[in-house]
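# Descriptive analysis of the structure
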Amino acid sequence: MASSGTPQRRWQAACPNCGAPVEFASAASASAVCGFCRSTLLREGESLRKIGESAELFDDHSPLQLGAAGRYAGAAFSLVGRLQLGYAEGSWNEWHALFDNGRSAWLSEDNGSYVLGFEAPPPAGLPQAHELVLGAQLLLAGQAWTVSALTLARQAAAQGELPHAPLGDAQRQFLVAELRNNSADEVASLEYSGPPGSAPSWSLGRPVRLADLAMSGLREDAQGEAISSKTLIGKTCECPGCGAALAPKLDGSQSIVCAQCHAVVDISKGLGQDLAWYAQQANTLEPLIPLGRSGTLALAAGGPALPWQVVGYLERCDLPAADSEDEQSFWREYLLYNRNEGFAFLVDTHEGWSLVRPLTGAPKGSGNNTVEWQGRRFKALYEGESYAAQITYVLGEFYWQLRRGERAQVTDYEWRGEGRVELLSREQTGSKGGTQEISWSHGRKLDAAEVGRAFKLAVSTAALTRDATPTSGHGLVFKVLLTLFILGVLVMLMRGCSQDDCQSYKQSFGEASNEYRECQRRTSGSGVRLGTGGGSYGGYSGGGGHK
């Protein structure tokens, strides 16, 4: 029963379960999900056979929907199907993009952005699933790749038209491995969903922006505004901690913090589900840059200034080893959003300010505690030592699923030249048996005055300025100087007449400075200490791969 649609493409048949029409935009598509009864249908010649039933998709606020269209590399495509994959920490979508020339691709989510990937024949020498090790280097088809994420996933639900029949068992788990290219901004996906011993599926993708794809037909909210503008007016739910209204503003948010009771709520499974959450003690000190504040910053030195809005705020600290003499350090990260560029992190440490964003590719190790990226050699800081970092407090909303006491193992790198400083940060999360990921961030150092101007902060430059010299806490000279400095500060505080135990910090850095605020928190019994080491240059990059 061929339809009279586009020649050699469109095909239609009746659903064998409910009789509703099921249309195929491509004659090459192997299966579809009935939009009326959710039967999973396998195409066999001119007929359809029911092979199962898809679970109901949950509303994850994606701006994409079936029928949305765009262009890539001059070729037109439309979204005709979707797979919703679940894993222990949440879920992600993979949209089947069908081009007018009959070629299929997958538009997938990647660290708050998007990747457009094309399936290809698997290269020779692919390892078996049990042979993959996080961080291992692989040479495939003449290119160097790093194993950057290992995730046990399952096909939770499906929608529309698909190039392959979905798995029949929605609970069966399979390994999805993400490989990052060491020389280009590319990501490869290995999916071990076939029978044991069979070759995995292989796809290659590059980062894309919805604005560059000239997308049309995106979802709209009740006011007729495209959801891709990141406004979800009317999409609310009750905070499970206090009952206050939660209203996420980002279409891809996985976590949101209640403004009333500061509970951290997991909304990765949709607003209509039973919401997991955890409580956190309210912090009486507000971020230097308020949530919702907008400012303009250039991603690259000398590049165009772009508008950014603060949508999330994190406080993090390092965790020195029990036998270490290093001082603990604390820093802050502001999650920024730009409609076209996606997400970036504005990082405030005692070593200065930086603006970084997640990479799709991965730098290549070059020995002697150095890595190469885009033709530049970055040197590891702190004598090449990594450090454990923990999230201690959050505000706003985030594109990954937050977990209490979330930790990462961090290594920072730096490149200096041409009158600027560029930064790389490697963060490793997860443990064997669960989701494991290595994510990289790249960016630049910022002058404190630039931050103040960008966000129109009514504080002095001194309140924003940090010591830009790395002070990792290593070396005898540093420890002696640090000890003398601390003793000097204690003497000044003991001699002070004021009732404010942090008067010296207030005079030196200003009342709005983080130094003064940290001292107040410490003396109030919170246990916070002013640190001089560590301080991740990279923003946390949860999610990972096509998640």
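### Re the overall build of the chain
A count of helices and strands for the chain gives five helices and 32 strands. Counting every position in the chain, which comprises 547 residues, the buried fraction comes to 53%. The long-range fraction of contacts in the chain, counting pairs at least 24 apart against all pairs at least 6 apart in sequence, stands at 57%. Just so you have it, the chain exposes about 24,100 Å², and 51% of that area is on carbon and sulfur atoms.

### A short note on the nonpolar core
Ile 289, Tyr 334, Leu 346, Trp 353 and Phe 455 are the most contacted members of the largest nonpolar core, which totals 47 residues. No other element matches strand β29 (residues 387-398), which puts seven residues into this core. Excluding anything up to four places from it in sequence, Tyr 334 contacts Pro 287, Leu 288, Ile 289, Val 310, Gly 312, Tyr 313, Ala 344, Phe 345, Leu 346 and Trp 353. Formed by 26 residues, the second largest nonpolar core is a distinct cluster that contains Leu 132, Trp 145, Ala 177 and Leu 190.

### Some remarks on the pattern of salt bridges
Summed over the entire model, instances satisfying the criterion amount to 14 salt bridges. A salt bridge links Arg 403 to Glu 406, with the nearest nitrogen and oxygen atoms 3.8 Å apart. Relative accessible area serves as the criterion here: at 37%, Arg 403 is assigned to the partly exposed category. Judged by its relative accessible area of 5%, Glu 406 is buried. Residue Arg 416 pairs with Glu 414 through a salt bridge whose shortest N-O separation is 2.8 Å.

### Comments concerning the pairing of strand β27 (residues 370-373)
Relative to β27, strand β26 (residues 364-367) runs antiparallel, the two being bridged by three bridges. Bridge pairing links Gly 367 to Thr 370 in β27. Where β26 folds back on β27, the antiparallel hairpin that results is connected by two residues, among which Asn 368 adopts a positive phi of roughly 55°. A loop of two residues connects β27 with strand β28 (residues 376-380), the two strands running antiparallel in sequence, and Gln 374 in this loop sits at a positive phi of about 55°.

### What to know about the packing of aromatic side chains
Under the criterion given, the structure shown has 15 aromatic pairs. Relative to Tyr 387, the ring of Trp 331 lies with its centre 6.3 Å away and its plane at 90°, an arrangement referred to as edge-to-face. With Trp 331 in strand β23 (residues 330-338) and Tyr 387 in strand β29, this pair connects stretches of sequence that are 56 residues apart. In this structure, Trp 331 and Tyr 387 share a single accessibility class: buried. Relative to Trp 400, the ring of Phe 398 lies with its centre 5.4 Å away and its plane at 55°, an arrangement referred to as tilted. For Phe 398, a relative accessible area of 0% corresponds to the buried category. Three or more aromatic residues joined by ring pairs make a cluster, and in this case those are Tyr 337, Phe 343, Phe 345, Phe 398, Tyr 399 and Trp 400.

### Here we look at unusual backbone geometry
Trans is the common state for peptide bonds, and a negative phi is the common state for residues other than glycine. Of note in the backbone geometry, Asn 369 takes a positive phi value of approximately 60° without being a glycine. Relative to the assigned elements, Asn 369 resides in the loop between β26 and β27. Positive phi, normally seen in glycine, also occurs at Lys 456, with a value near 50°. With respect to the element layout, Lys 456 can be found in the loop between α1 (448-454) and α2 (461-464). The exposure class assigned to Lys 456 is exposed, which follows from its relative accessible area of 68%.

### Concerning the environment of Cys 18
Mapped onto the secondary structure, Cys 18 falls in the loop between β1 (11-14) and β2 (21-24). Its relative accessible area of 40% is what places Cys 18 among the partly exposed residues. With sequence-adjacent residues up to four places away left out, Cys 18 is seen in contact with Cys 34, Phe 36 and Cys 37.

### Overview of the confidence of the model for the chain
Scored by pLDDT, the chain comes out at a mean of 79, with 74% of its residues at no less than 70. Taken as a whole, residues 467-480 scores under 50 in pLDDT and shows 25 contacts with residues more than four places along the chain or in a different chain. Within the model, pLDDT remains below 50 along residues 492-499, and this stretch shows three contacts once partners closer than five positions in the same chain are excluded.

### Quick word on the environment of Tyr 337
With respect to the secondary-structure elements, Tyr 337 resides in strand β23. For the pair Tyr 337 and Ser 294, spaced 43 residues apart in sequence, the C-alpha separation works out to 9.3 Å.

### Overview of the pairing of strand β31 (residues 420-429)
Across the 10 residues of β31, eight count as buried, placing the element largely inside the fold. Here strand β30 (residues 407-417) runs beside β31; their pairing, made up of nine bridges, is antiparallel. Note on β31: the bridge partner recorded for Glu 414 is Leu 423. Connecting β30 to the antiparallel partner β31 that follows it, the hairpin turn spans two residues, and Glu 418 within it adopts a positive phi of roughly 55°.

### Comments concerning the environment of Ala 389
Turning to its location among the elements, Ala 389 is positioned in strand β29. In sequence terms Ala 389 and Phe 330 are 59 residues apart; their C-alpha atoms lie 9.4 Å from each other. Beyond its immediate stretch of four places on either side in the chain, Ala 389 contacts Arg 316, Cys 317, Asp 318, Trp 331, Glu 406, Arg 407, Ala 408 and Val 410.

The rules behind the values
Residues numbered from 1 in each chain as written. Predicted model: local features only at pLDDT ≥ 70, side-chain atom pairs only at ≥ 80, totals over all residues. Heavy atoms only, no water. Helix = DSSP H or I, 4+ residues; strand = E, 2+ residues; numbered from the N terminus. Buried < 20%, exposed > 50% of the residue type's maximum accessible area, 1.4 Å probe, protein only. Contact = heavy atoms within 4.5 Å. Areas by Shrake-Rupley, 256 points an atom, 1.4 Å probe, with all protein chains shown as cover. Core = buried A, V, L, I, M, F, W, Y, C linked by side-chain atoms within 4.5 Å. Salt bridge = Lys/Arg side-chain N within 4 Å of Asp/Glu carboxyl O. Pairing = 2+ DSSP bridges. Phe/Tyr/Trp six-rings, centres within 6.5 Å; stacked < 30°, edge-to-face > 60°. pLDDT = per-residue confidence, 0-100.

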